[in-house]
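# Architecture at a glance
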Amino acid sequence: MTPSLKAVHTRAPKVVTIAELEADPHGVFKRHRGSGPFIQRDDGVYLAIRASEVNSLLNDELASQVEPEVTQVHGITKGALFNFCNNAMLTSTGAKYCAWRATLVRTFTFSMIDGLRPCVRSYANEIIDQHQAKNRMELLTDYASLIPARTAAFVLGIPREDEPKFTSLFSKVARVFGYAVWPEEILSIEKAAQELNDYVGALIEFRRRNPRGDFLSEYVAAVDGKSELTSLEAVMQIVSVILAGSNATHTAMVIQTALLLKHRTQWNTLCEYPGLVPKAVVEALRFEPPIASACYLARDTIEIEGQTLPAGALVSLMTISVMRDEQIYPHPDRLDILRGQPRWHPILGGGVRGFLGEALAKIELEEGLLALITRLPDLHADGEQFQVKGHTGLRRISPLHLRWS
């Protein structure tokens, strides 16, 4: 049931500081969910913190999504990164977005994505093979970041001998979507982006001349048929849909592993009953989501339970709070891989762009976890305590060093 948008009187939302939110996001949201649908950050941004209001804002189209202005954040005004961010579906809205999306979804189908599961499983096991004798690895660098990159290489039909180069370029360019990028890194990322764009562009042209019935061949046929995409736009759609979600995927893979190892009983249950892996993945995404929020603009003035959201206001829909809303999840601060999940679940950020990459991300998360519990059941965290930080956008994680006997 959606909340009433009528109010008898209005009151200002509670104001919280960014410092408070960074220090203890779960605690801040828990304290305020009972007092109203919104709180306001000290920089003026409204935060929607309850599931019912977030659901209403999305389903009733009371707010429109605002994509992060990646180029503005990093001061990028030209070049390969600029072209990428200004010619890609995942960083666009309106008519352009609809046209670009229509071409991609004709080939990037759910059945095609599900067919990638054996490939992802094989890659996860190959990576473990490379590290098993060492009895240790750093999960993000040595494992989690490689699985999305290798899967992308397979989707694009990249020759095996080119995979190391492609994986390196892919991982480097993906960093720009995390925002945790130093200014001095931009030049090297720009160079990698140019190389990646050139490589994918040449690959598209080669597949145009030599179709072979794979995803890329079908995509090229769709572009050359009913689509009005330019060559640049065609390249950007493929690169963006696979690239933009990779940070969230490998961040989630590290988080889910750390959570399960911390809650050892649940890790052991999973090792004994691997069929629970899909439930464990969804519960880890709920308990500590890799993406904390999505940014929207209020279309009109909205009044909910006496609180007013002005027209044009920037409102952040707080996935991190919604996933622990007591009205949806009993005992929300408890990790429980046997928990029943509601139908509405904004995994990996949700939104109109979410579904294209979400199915692929879930396969990568499930197969990545399955390989760990079956191959390395005695896995343990080694070193400093693992941390997840951040209350908005893509969250930040500390290294997760692992060992096994």
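Residue numbers restart at each chain and count upward from 1, following the sequence in its written direction. Per-residue local features of the predicted model are confined to residues with pLDDT of at least 70, and side-chain atom pairs are confined, for both listing and counting, to 80 or more; whole-chain, interface and lining totals are unaffected and use all residues. For side-chain calculations, the full set of non-hydrogen atoms in the structure is used, while hydrogens and water are omitted.

### Quick look at the overall build of the protein
Each helix is a run of H or I in the DSSP string that is no shorter than four residues. Each strand is a run of E no shorter than two, and both are numbered from the N terminus. A tally of regular secondary structure across the protein gives 19 helices and 13 strands. In this scheme, a residue with accessible area under 20% of its type's maximum is buried, one over 50% is exposed, and one in between is partly exposed, where area comes from a 1.4 Å probe on protein chains only. Residue burial in the protein is summarised as follows: out of 405 residues, 52% are buried. Residue pairs at least 24 apart in sequence account for 72% of intrachain contacts in the protein once pairs closer than 6 positions are excluded. In the structure as shown, the protein presents an accessible area of about 18100 Å², 54% of it carried by carbon and sulfur atoms. Contacts are residue-level and defined by heavy atoms, with any inter-residue pair within 4.5 Å sufficient. All accessible-area figures derive from a Shrake-Rupley calculation using a 1.4 Å probe, and residue coverage is judged against the displayed protein chains alone.

### Considerations on the packing of aromatic side chains
The criterion for an aromatic pair is that two Phe, Tyr or Trp rings (for Trp, the six-membered ring) have centres within 6.5 Å, with stacked assigned to planes under 30 degrees apart, edge-to-face to planes over 60 apart and tilted to the rest. Here the structure, examined in full by the defined rule, presents one aromatic pair. Ring geometry for Phe166 versus Tyr199: centroids 6.4 Å apart, planes at 45°, classification tilted. Taken as a pair, Phe166 in helix 11 (residues 163-174) and Tyr199 in helix 12 (residues 186-209) lie far apart in primary sequence, 33 residues in all. Residue Phe166 is classed as buried on the basis of its relative accessible area of 4%. Each ring is checked for a lysine NZ or an arginine CZ that lies within 6 Å of its centre and within 35 degrees of its normal; such an atom marks a charge sitting over the ring. Just above the ring of Tyr329 sits the side chain of Arg286; from NZ or CZ to the centre is 5.1 Å. The residue whose ring lies beneath Arg324 is Phe287, and the NZ or CZ to ring-centre distance is 4.0 Å.

### Thoughts on the sheet that holds strand 5 (residues 136-138)
The strand order 5-13-10 describes an open sheet built from three strands, whose pairing is antiparallel. Edge positions in the sheet fall to strand 5 and strand 10 (380-382), since each has one partner strand and no second. Taking each pair of neighbouring strands and ignoring which way they run, the sheet shows an average axis angle of 35°. Strand pairing is defined by DSSP finding a minimum of two bridges between the two strands. Fitted lines through C-alpha atoms give the axes, limited to the stretch in contact for helices. The angle between two N-to-C directions lies from 0 to 180 degrees.

### Observations concerning the confidence of the model for the protein
For every residue, the pLDDT score states the predictor's confidence, bounded by 0 at the bottom and 100 at the top. Averaged over every residue, the pLDDT of the protein is 83; the share at 70 or more is 81%. In the model, residues 1-9 has pLDDT below 50 throughout and makes 18 contacts with residues more than four positions away in sequence or in other chains. pLDDT under 50 marks residues 349-353. Its contacts with residues more than four places away, or in other chains, come to 14 contacts.

### Observations regarding the nonpolar core
To define a nonpolar core, start from buried Ala, Val, Leu, Ile, Met, Phe, Trp, Tyr and Cys residues and group those joined through side-chain atoms within 4.5 Å. Counting residues in hydrophobic clusters, the biggest one holds 79 residues, and the most contacted among them are Tyr143, Phe166, Leu270, Leu369 and Leu372. Looking at this core element by element, the count peaks at nine residues for helix 12. Every residue in contact with Leu372, bar those within four places of it in the chain, is listed here: Ile128, Met137, Leu139, Tyr143, Thr257, Trp267, Pro377 and Leu379. Judged by nonpolar contacts, the second largest core, of 18 residues, contains Tyr46, Leu57, Leu317 and Tyr329.

### Remarks on the pairing of strand 2 (residues 38-41)
Of the two faces of strand 2, the one lined by Phe38 and Gln40 and the one lined by Ile39 and Arg41 are each fully buried. Pairing between strand 1 (residues 14-16) and strand 2: three bridges, direction parallel. Paired with Lys14 across the strands is Ile39, a residue of strand 2.

### Here's the deal with the pattern of salt bridges
Salt bridges are counted wherever a side-chain nitrogen of Lys or Arg sits within 4 Å of a carboxyl oxygen of Asp or Glu. Considering all chains together, one arrives at 24 salt bridges under this definition. The shortest N-O distance in the salt bridge between Arg117 and Asp114 comes to 4.0 Å. For Asp114, a relative accessible area of 45% gives the class partly exposed.

### Description of the environment of Ser145
Structurally, the position occupied by Ser145 is in the loop between helix 9 (139-144) and helix 10 (146-155). Measuring from C-alpha to C-alpha, the distance between Ser145 and Thr249 comes to 8.3 Å, with 104 residues separating the pair along the chain. Beyond its immediate sequence surroundings of up to four residues, Ser145 is in contact with Leu140, Ser171 and His250. Among the polar contacts listed, one links the side chain of Ser145 to the backbone oxygen of Leu140, at a separation of 2.8 Å. Any pair of N or O atoms that falls within 3.5 Å is considered a polar contact. Within protein, one atom must be able to donate a hydrogen and the other to accept it, and sequence-neighbouring residues count only if both atoms are side-chain atoms.

### A closer look at helix 16 (residues 264-272)
Of all the residues in helix 16, the buried ones are Gln266, Trp267 and Leu270. Taken down its axis, helix 16 places every buried residue within 105° of arc, on the same side. Every exposed residue of helix 16 that faces more than 90 degrees away from the buried side is listed here: Thr265 and Glu272. Within this analysis, the arc is defined by the directions that extend from the helix axis to the C-beta atoms.

### Points about the packing of helix 8 (residues 117-131) against helix 10
The geometry of helix 8 relative to helix 10 is characterised by a closest axis approach of 10 Å and an angle of 130° between their N-to-C directions. By the criterion of interaxial angle, the relationship of helix 8 to helix 10 is oblique. The crossing of helix 8 and helix 10 is right-handed. Side by side, helix 8 and helix 10 meet where Cys119, Val120, Tyr123, Ala124, Glu126, Ile127 and Gln130 of the first sit next to Leu146, Ile147, Arg150, Thr151 and Phe154 of the second. Three classes are used: nonpolar for Ala, Val, Leu, Ile, Met, Phe, Trp, Tyr, Cys and Pro, charged for Asp, Glu, Lys and Arg, and polar for all others, with Gly counted as polar. Of the residues contributing to the contact of helix 8 with helix 10, the split by class is eight nonpolar, two polar and two charged. Small angles under 35 degrees read as roughly parallel and large ones over 145 as roughly antiparallel, with 65 to 115 read as roughly perpendicular and the rest as oblique. Each crossing is labelled by how the near helix is turned from the far one, with a counterclockwise turn of less than a right angle marking it left-handed and a clockwise turn marking it right-handed.

### Concerning helix 12
Along an α-helix, residues three or four positions apart point the same way, because every turn accommodates 3.6 residues. Helix span is expected to be 1.5 Å times the residue number reduced by one. Taking 1.5 Å of rise per residue, the 24 residues of helix 12 would be expected to cover 34 Å, and the 35 Å separating its terminal C-alpha atoms lies within 8% of that figure. Along helix 12, the residues that are buried comprise Ile186, Ile189, Ala192, Ala193, Leu196, Asn197, Tyr199, Val200, Leu203, Ile204 and Arg207.

### Let's talk about unusual backbone geometry
Phi at Asn135 takes a positive value of approximately 65°, unusual for a residue other than glycine. Of note, Asn135 is situated in the loop between helix 8 and strand 5. Here Asn135 falls in the partly exposed class, since its relative accessible area comes to 29%. The phi dihedral of His331 falls on the positive side, at around 50°, and the residue is not glycine. In this structure, His331 sits in the loop between helix 18 (319-322) and helix 19 (354-375).

### Some points on the side chain of Gln307
With respect to the secondary-structure elements, Gln307 resides in strand 8 (residues 307-309). Within the structure, the side chain of Gln307 is placed 3.0 Å from the backbone nitrogen of Phe38, a separation counted as a polar contact. Those residues in contact with Gln307 that sit more than four places away from it in its chain are Arg11, Pro13, Ser35, Gly36, Pro37, Phe38 and Ile302.

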